Amino acid sequence: GAIAGLASATICVPMELFKCRAQVQKEGQINYSRIASDLYRMQGITGLYRGFWAFAWRDVPGWAVYFSAYQWLKEVGDSWSQSWTCSEDQKSLRHLLWTLNAGGAAGLASWAVSIPQDMIKTRQQTHLGETPLSMRETYHHIVREGGTRKMFRGMHPILLRGYVVNVVTLPLFDAINDLLRGDDE
């Protein structure tokens with residue numbers, strides 16, 4: 001999971017940069033080529049990777065927690081299911097519900113460790129100055145504005161989305177893999 005998080009950064013950082021810039025643009029139509037050319041003109045190719053390390057510090061631990069939490073929760077569910085005394089249909093339903101919840105819980109855990117770095121990444125990417133802010137400078141700006149609590153602004157909807165989206169994502173991924181491999185479970 002951690003390696004996937006780092007590898008995705010090379011592709012995702014410029015897209016996240018454009019998304020964040022578009023979200024804070026106050027007026028006019030969004031012109032992505034102008035955003036790219038302005039950043040390139042001011043900072044070269046590195047301008048398109050503004051916030052790269054904050055993104056990596058968000059995604060590397062986030063993805064590692066995401067996949068390991070999901071796998072661990074599924075293993076716990078598999079272990080517990082052996083002691084269930086109920087019909088096969090009930091066992092199948094319980095297993096499905098456990099797996100869905102494991103996906104949601106993995107999403108929660110992933111975002112719980114990622115929210116502060118996401119705040120730093122977003123601030124770095126929306127900073128309009130010619131000189132990019134370091135992660136440390138960005139952190140201090142945020143804390144000066146609203147204390148450490150500000151690092152977790154938006155936490156509730158992020159966690160809710162993290163749970164709901166991942167109730168489906170990881171179990172569906174597993175189900176498709178099982179189908180493609182021909183597993184009958």
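Residues numbered from 1 in each chain as written. Predicted model: local features only at pLDDT ≥ 70, side-chain atom pairs only at ≥ 80, totals over all residues. Heavy atoms only, no water.

Chemist: Residue-level account of the overall build of the protein, with values.
Modeler: From N to C terminus, the protein includes six helices and zero strands. Counted from the first residue to the last, the protein has its helices and strands arranged as α-α-α-α-α-α. For the protein, the C-alpha atoms occupy an extent of roughly 65 × 40 × 30 Å along the three principal directions. Taken over 185 residues, the protein has a buried fraction of 36%. Partitioning the contacts of the protein with sequence separation of at least 6, the portion at a separation of at least 24 is 78%. Within the structure as shown, the protein displays about 11700 Å² of accessible surface, and the carbon and sulfur contribution to it stands at 62%. (Helix = DSSP H or I, 4+ residues; strand = E, 2+ residues; numbered from the N terminus. Buried < 20%, exposed > 50% of the residue type's maximum accessible area, 1.4 Å probe, protein only. Contact = heavy atoms within 4.5 Å. Areas by Shrake-Rupley, 256 points an atom, 1.4 Å probe, with all protein chains shown as cover.)

Chemist: Could you give an account of the packing of helix α3 (residues 52-81) against helix α4 (residues 88-126), with specific residues and numbers?
Modeler: Between two packed helices, the angle of one axis relative to the other and the distance separating the axes together describe the packing. Close contact between α3 and α4 brings their axes to 8 Å; oriented N to C, the two are set at 165°. The angle between the axes of α3 and α4 places the two elements in the roughly antiparallel class. Where α3 crosses over α4, the two elements pack in a sense that is right-handed. Its residues placed into classes, the contact of α3 with α4 shows 20 nonpolar, 11 polar and six charged. (Axes fitted to C-alpha atoms, helices over the stretch in contact; angles between N-to-C directions. Parallel < 35°, antiparallel > 145°, perpendicular 65-115°, else oblique. Left-handed = near helix turned anticlockwise from the far one by under 90°. Nonpolar A, V, L, I, M, F, W, Y, C, P; charged D, E, K, R; others polar.)

Chemist: Pulling in residues and values, what's your account of the packing of aromatic side chains?
Modeler: If you walk through the whole model with that rule in mind, you get seven aromatic pairs. Both rings, one in Trp63 and one in Phe67, keep their centres 5.4 Å apart while their planes meet at 25°; by these two values the pair is stacked. A residue pair is termed a helical-turn pair when its members lie 3 or 4 positions apart in one helix, as Trp63 and Phe67 do in helix α3 at four residues. Assessed through its relative accessible area of 32%, Trp63 is described here as partly exposed. On the basis of relative accessible area, Phe67 is assigned to the partly exposed category, the value being 33%. Pairwise contacts between aromatic rings join Tyr49, Phe52 and Trp53 into one cluster. (Phe/Tyr/Trp six-rings, centres within 6.5 Å; stacked < 30°, edge-to-face > 60°.)

Chemist: Which residues make up the packing of α3 against helix α6 (residues 155-181), and what values do they have?
Modeler: In the contact formed by α3 and α6, the axes pass within 12 Å of each other and the chain directions differ by 70°. One finds that α3 runs roughly perpendicular with respect to α6. Here Tyr66, Phe67, Tyr70 and Lys74 of α3 come into contact with α6, specifically with Asn166, Thr169, Leu170, Pro171 and Asp174. Class assignment for the residues of the contact of α3 with α6 results in five nonpolar, two polar and two charged.

Chemist: Explain α6 residue by residue, including any values.
Modeler: Relative to the 39 Å expected for 27 residues at 1.5 Å per residue, α6 spans 38 Å between its end C-alpha atoms, a close match to the ideal helical length. Of all the bends in α6, the largest measures some 35° and sits at Asn166. Within α6, burial applies to Ile158, Leu159, Gly162, Asn166, Val167, Leu170, Pro171 and Asp174. Structurally, α6 contributes buried residues whose contacts are with α3 and α4. Just downstream of α6, Gly182 is the residue with a positive phi angle, here 85°. (Expected span 1.5 Å × (residues − 1). Bend = angle between axes of the 7 residues up to and from the residue.)

Chemist: Account for the pattern of salt bridges, with residues named and values stated.
Modeler: Using the criterion set out here, one finds 11 salt bridges in the structure. Taken together, the shared-partner salt bridges connect Glu16, Lys19, Arg58, Asp59, Asp118 and Lys121 into one network. (Salt bridge = Lys/Arg side-chain N within 4 Å of Asp/Glu carboxyl O.)

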